[in-house]
Amino acid sequence: MKRQIQASGVERMMRENDFIVSKTDAKGIITYGNPIFIEFSGYTEEELLGTQHNIVRHPDMPRSAFKLAWDTIQSGQEFFGYVKNMAKDGSHYWVFTHITPDFDQRRNIVGYTSVRRCPKRDAVAKIEPVYRQMLQAEHSAGARDAIGAGTKVLVDLLNQTGMSYEELVFSL
């Protein structure tokens, strides 16, 4: 169930040694969240378990960024990225996330594990304007073409820099 929460503009900062860990099934339904995830999300464990992971998605995050993440992990690869999440009270917190697919013995993806840590502040300062441009392109293109428009902004940036997505993320 999608909750109507207004972003408050209040930022919460992860502590240097914090690790937010969550696990989902293959459809993105939360099956586990560690105490730090519960703390930062502002939800109770009961509210989180069984809910789509996008419950913490901040409206400033472009849909195309999540499409890239999903395409990557559904192909069996790991994904790294900077993400702005929103807590139950409307505050936000930035994370550097590493998402890996979880496989069964036949190499079928049965879920995903996400480990998030405190991001570098200068990396957030660099990626935030990119996300803003992607989001603006998505809004200008309309719902049907939003993901393509946002993705084009990122692809154009990668072409300008000559870097792959992973190289860009790790250069921040």
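For the structure, see preceding data.
Residues numbered from 1 in each chain as written. Predicted model: local features only at pLDDT ≥ 70, side-chain atom pairs only at ≥ 80, totals over all residues. Heavy atoms only, no water.

1. Brief notes about the packing of helix H3 (residues 63-74) against helix H4 (residues 121-141)
For the pair H3 and H4, the least separation of the axes is 8 Å and the interaxial angle reads 105°. Classified by the interaxial angle, the pair formed by H3 and H4 is roughly perpendicular. Across the interface between the two elements, Arg63, Ser64 and Ala65 from H3 touch Tyr131, Met134 and Glu138 from H4. For the contact of H3 with H4, the residue count by class is 3 nonpolar, 1 polar and 2 charged. (Axes fitted to C-alpha atoms, helices over the stretch in contact; angles between N-to-C directions. Helix = DSSP H or I, 4+ residues; strand = E, 2+ residues; numbered from the N terminus. Parallel < 35°, antiparallel > 145°, perpendicular 65-115°, else oblique. Contact = heavy atoms within 4.5 Å. Nonpolar A, V, L, I, M, F, W, Y, C, P; charged D, E, K, R; others polar.)

2. Structural notes on the packing of aromatic side chains
One pass over the full model with this rule turns up 8 aromatic pairs. Centroid distance Trp70 to Tyr112: 5.3 Å. Interplanar angle 85°. Geometry classified as edge-to-face. Of the two residues, Trp70 sits in helix H3 while Tyr112 sits in strand S5 (residues 109-117), which places them 42 residues apart along the sequence. For the pair Phe79 and Tyr165, a centre-to-centre distance of 5.5 Å together with 15° between the ring planes defines the contact as stacked. Linking Phe79 in strand S3 (residues 79-86) with Tyr165 in helix H6 (residues 165-171), this pair joins segments that are 86 residues apart in sequence. (Phe/Tyr/Trp six-rings, centres within 6.5 Å; stacked < 30°, edge-to-face > 60°.)

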